[in-house]
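For reference, the chains in residue letters:
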Amino acid sequence: MKQPFNPDASGLTFDFSNRIFLITGGTSGIGLAAASMALTAGASVCIVGSTRGKGATAMNQLKQFGEKACFFQADVSKPVQCEAVIKKVAKQFKTLDVVINSAGIFRSGFIDSITEPEFDRIMDTNLKGTFFICKYALPLLRNSRHAAIINISSDAGIHGNRQCPDYTASKGAITLLTKALALDLAHENIRVNCVCPGDIITPMLEEECVKQPDQKVYLKNLTDPYPAGRLGQPEEVASVVCFLASDAASFVTGAAWPIDGGITAQ
Ligand code: NAD
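Analysis parameters
- Residues numbered from 1 in each chain as written.
- Predicted model: local features only at pLDDT ≥ 70, side-chain atom pairs only at ≥ 80, totals over all residues.
- Heavy atoms only, no water.
- Helix = DSSP H or I, 4+ residues; strand = E, 2+ residues; numbered from the N terminus.
- Near = heavy atom within 4 Å.
- Polar contact = N/O pair within 3.5 Å; in protein donor to acceptor, adjacent residues only side chain to side chain.
- Areas by Shrake-Rupley, 256 points an atom, 1.4 Å probe, with all protein chains shown as cover.
- Buried < 20%, exposed > 50% of the residue type's maximum accessible area, 1.4 Å probe, protein only.
- Contact = heavy atoms within 4.5 Å.
- Disulfide = S-S within 2.5 Å.
- Core = buried A, V, L, I, M, F, W, Y, C linked by side-chain atoms within 4.5 Å.

Quick notes on unusual backbone geometry
Most peptide bonds are trans, and most residues other than glycine sit at a negative phi. Notably, Q163 is not glycine yet its phi reads approximately 60 degrees, a positive angle. Position of Q163 among the secondary structure elements: in the loop between strand 5 (148-152) and helix 5 (165-185). You will see that N189, though not glycine, has its phi angle at about 65 degrees, which is positive. Within the secondary structure, N189 sits in the loop between helix 5 and strand 6 (191-197).

Given below as structure tokens:
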């Protein structure tokens, strides 16, 4: 358990030939790792992000996949932009098989310090964005024989996390939104699952880390409670996301899958 996952040496194989993926937050971290893994398995992947600069950097990292990768700019906290981005997918591909909602933001702080606009920003990005991307993607997913939605929740979507009540509430809502949609869509053969990662080394965690007065102490305190004795890598989340997107998970729906080195097991 101490060794981080090495996707090249894992022997993991998925076949996503002829499948279209939409990945919000695909411009970095977990979303970008999932995009890279799906592309490697033959999918066409639209990554969605709110800033053109990050989109260009991510596209550069995916350039080996040529036209199979594309970037659409959209701020998922605005339902009108969620609708617009799905329209672009419909125009370009006519179809959609897999939606991965990875766009998200984090902010730490006690409830006393959280203003209404900050609360709204977390909820609008994490929860409203996930909700409306699912809503507007549904007509396309209904035409797919391999339809799957995977939402990126968090260990905070399973148990309480300290000093981020708004983020925790948004992730708890994503976990139950996932289960509610799984119930409503199972008869249409659209599977809906979420993953609940613990601390994963991505730009989100790195941004939090650089704000700390002593980064070494911060990282030690973050790592110590993990039964696995380490933090996770984005590829370790991407591999479970790809499994949930694949036909190997054809009877899995409504699951909230912890990917957390055991932290929610205790
Ligand atoms: P990240 O910051 O690298 O990725 C988040 C992405 O979402 C970024 O590319 C960002 O540009 C994009 N984004 C933010 N707001 C957006 C908006 N309004 N519209 C469109 N795109 C937007 O961090 P990450 O760790 O890869 O986060 C991915 C998901 O995983 C998030 O939902 C996060 O809450 C969740 N998560 C992360 C961790 C962790 O420790 N890193 C743990 C549990 C859950």
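Brief notes about the site of the ligand
Near the ligand there are 29 residues, and of these S28, I30, D75, Y167 and T202 occur at the shortest range. Take G104: an N or O atom from its main chain is 3.5 Å from an oxygen atom of the ligand. Here the ligand has 810 Å² of accessible area as a free molecule, and 93% of this is covered by the chains.

Some points on the environment of L177
Tracing the backbone through its elements, the reader meets L177 in helix 5. Take L177: its relative accessible area is 11%, and that puts it in the buried class. Distance in space between the C-alpha atoms of L177 and V192 is 9.4 Å, their sequence separation being 15 residues. Discounting chain neighbours no more than four positions away, the residues touching L177 are L127, T130 and F131.

A closer look at the state of the cysteines
In a disulfide, the sulfur atoms of two cysteines are held together by a covalent bond. Taken as a whole and assessed by the stated rule, the structure comprises zero disulfides. No disulfide involves C46; its nearest neighbouring cysteine sulfur is the one of C70, lying 3.5 Å away. On the basis of relative accessible area, C46 is assigned to the buried category, the value being 0%. With relative accessibility at 10%, the residue C70 sits in the buried group.

What to know about the nonpolar core
Judged by nonpolar contacts, the single largest core of 37 residues is most densely connected at F16, F21, V45, I100, I150 and V195. Secondary structure elements with two or more residues in this core: strand 1 (20-24), helix 1 (29-40), strand 2 (44-49), strand 3 (69-73), strand 4 (98-101), strand 5 and helix 8 (234-245). Ranked by residues supplied to this core, first place goes to helix 1 with eight residues. Leaving out residues up to four positions away in the same chain, V195 has contacts with I150, N151, I152, S153, S154, V237, V240, V241, L244, W257 and I259. Counting 30 residues, the second largest nonpolar core, distinct from the first, contains C82, V89, I133 and L138.

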